[in-house]
Amino acid sequence: MSNCAPADSQSATLANGQWTIKASWESCTLNVTAPAQATADLYGVEPVQDCTQNATQDPRFQPVVFWFLSAQSGGLSMTFCQPSSKAYNVLAEADLASGVLGDVIVMNDNVAPNNFTSAPFSGQTLNGVYFPQTNDRFANARAIAIQTALPDAIYRTTRSYPGGLAGIIAENNGAELNDLTNKTYTQFLAFAAQQTYFFDDFNTINSSLRNWEFRLWVYPLAAHSYAAALALIGVLGAWVHLMHLRARRNVYLSCDPATMAGTLSMTSESGFPRMLKAGDNDADMARSLKGLKFGISRRTWQVVAEGEEEGTLHFGADSGAAGQFREVRFGSLGSSTGTPGVYSQGFPTPGSARTVFDVEDRQGLVEGAAPFGRKESNVDPFATPGHPST
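Treat the numbers as computed from the prediction; the structure is a model and nothing was measured.

Look at helix α1 (residues 137–158) against helix α3 (residues 175–196): their axes get within 10 Å of each other, and the N-to-C directions meet at 135°. Put simply, α1 runs oblique to α3. For the element pair α1 and α3, the recorded crossing hand is right-handed. Note on element contacts: α3 touches α1 through Leu177, Leu180, Thr181, Thr184, Tyr185 and Phe188, opposite Ile146, Leu150, Ile154, Thr157 and Thr158.

The topology assignment puts Leu313 in strand β13 (residues 313–315). Given a relative accessible area of 4%, Leu313 falls into the buried group. Separated by 21 residues in sequence, Leu313 and Leu292 have C-alpha atoms that sit 9.9 Å apart.

Take the pairing of strand β4 (residues 28–35) next. Only one face of β4 is buried: it carries Cys28, Leu30, Val32 and Ala34, and the other face, with Thr29, Asn31, Thr33 and Pro35, is open. Pairing of strand β3 (residues 18–25) with β4, which is carried by eight bridges, proceeds in the antiparallel orientation. Pairing of Trp25 across the sheet is with Cys28, part of β4. If you look at the hairpin formed by β3 and β4, you'll find two residues sitting between the two strands, and Glu26 has a positive phi there, around 50°. One ladder, built from two bridges, connects β4 with strand β6 (residues 50–51); its direction is antiparallel. Each bridged residue has a counterpart across the sheet, and for Thr29 the counterpart in β6 is Asp50.

About the thresholds
Residues numbered from 1 in each chain as written. Predicted model: local features only at pLDDT ≥ 70, side-chain atom pairs only at ≥ 80, totals over all residues. Heavy atoms only, no water. Axes fitted to C-alpha atoms, helices over the stretch in contact; angles between N-to-C directions. Helix = DSSP H or I, 4+ residues; strand = E, 2+ residues; numbered from the N terminus. Parallel < 35°, antiparallel > 145°, perpendicular 65-115°, else oblique. Left-handed = near helix turned anticlockwise from the far one by under 90°. Contact = heavy atoms within 4.5 Å. Buried < 20%, exposed > 50% of the residue type's maximum accessible area, 1.4 Å probe, protein only. Pairing = 2+ DSSP bridges.

Purely spatial values, then, with no claim about function.
In structure tokens form, the structure reads like this:
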């Protein structure tokens with residue numbers, strides 16, 4: 001634990017271009033001097049050596065103080081921290097595959113002597129900031145880097161607060177900054193402890209091993225029922241396919257029935273399309289084709305109405321043949337261009353309000369029509385392709 005707390009008393013005095021900072025906490029006192037800068041905030045971390053209870057303590061284990069001075073407002077914040085730790089026997093759960101430490105349960109504090117409870121630490125906790133000087137200049141440089149980077153990390157975090165360092169110092173008399181210091185320092189100590197107090201050791205400890213096997217549980221009743229249902233569906237599907245194969249064995253399709261060419265090839269010689277006219281919607285088609293049943297002719301492979309091939313159903317005017325007659329409707333003329341030919345008296349001329357043809361218009365169409373913009377010719381648009389007009 002970092003055990004951080006705000007100073008009991010603190011002051012900052014500016015004289016002769018230099019700040020003199022004083023603070024006290026419990027039995028500890030601190031005096032720090034720093035050169036004043038007009039616009040730059042000042043901050044740092046210092047060891048607290050003047051403490052009654054640990055006057056002779058190694059600087060590595062002494063308390064430390066984090067101090068922050070705002071150049072904008074002159075506000076001062078000082079946080080004293082006395083790290084401490086204690087050893088426990090614990091019951092830990094870890095995933096050996098990923099190395100992740102799971103639940104940890106404290107059992108007791110009757111810990112056998114080890115490198116922490118005995119020499120070299122003797123139960124004392126390193127402050128992680130100050131270290132004795134050595135002959136290794138690289139080790140000394142790393143110690144200075146830690147002393148600089150740790151308070152700098154806290155200071156950079158304060159810049160995201162409204163008002164920056166001055167704003168967070170003024171917030172609840174610096175309580176927000178004290179909490180931020182405590183949190184950051186605790187995270188640093190936890191990281192340092194992993195590298196300092198814990199190391200690989202070959203000792204036998206009491207442990208239990210649990211294996212987690214990934215298995216798929218299948219209930220017999222559900223599994224067999226599902227398998228039987230799938231088998232039944234497969235048998236029925238095969239039977240339907242065989243029946244359908246027999247039914248379509250003798251069906252001739254000249255092209256894909258889903259295309260326009262397929263539609264035309266299967267209805268070009270049928271009689272029922274003559275009952276429809278251009279512009280019919282679904283309701284109009286339903287009225288025109290009401291009562292008819294359709295199928296595919298085995299002779300022409302055309303879609304025909306029931307009775308059309310047998311001669312019991314006729315489309316057009318009553319010619320005296322036996323059977324049922326259905327009225328024929330012809331398509332609308334729409335707009336036309338060019339010089340019209342000879343029209344019958346009842347034929348609608350271009351531009352007239354009448355656009356629907358009836359049976360009386362047949363002769364006029366045959367004599368004067370110029371289909372598809374061609375010159376006038378004796379073309380019967382009502383004749384079945386391949387058969388003369390009657």
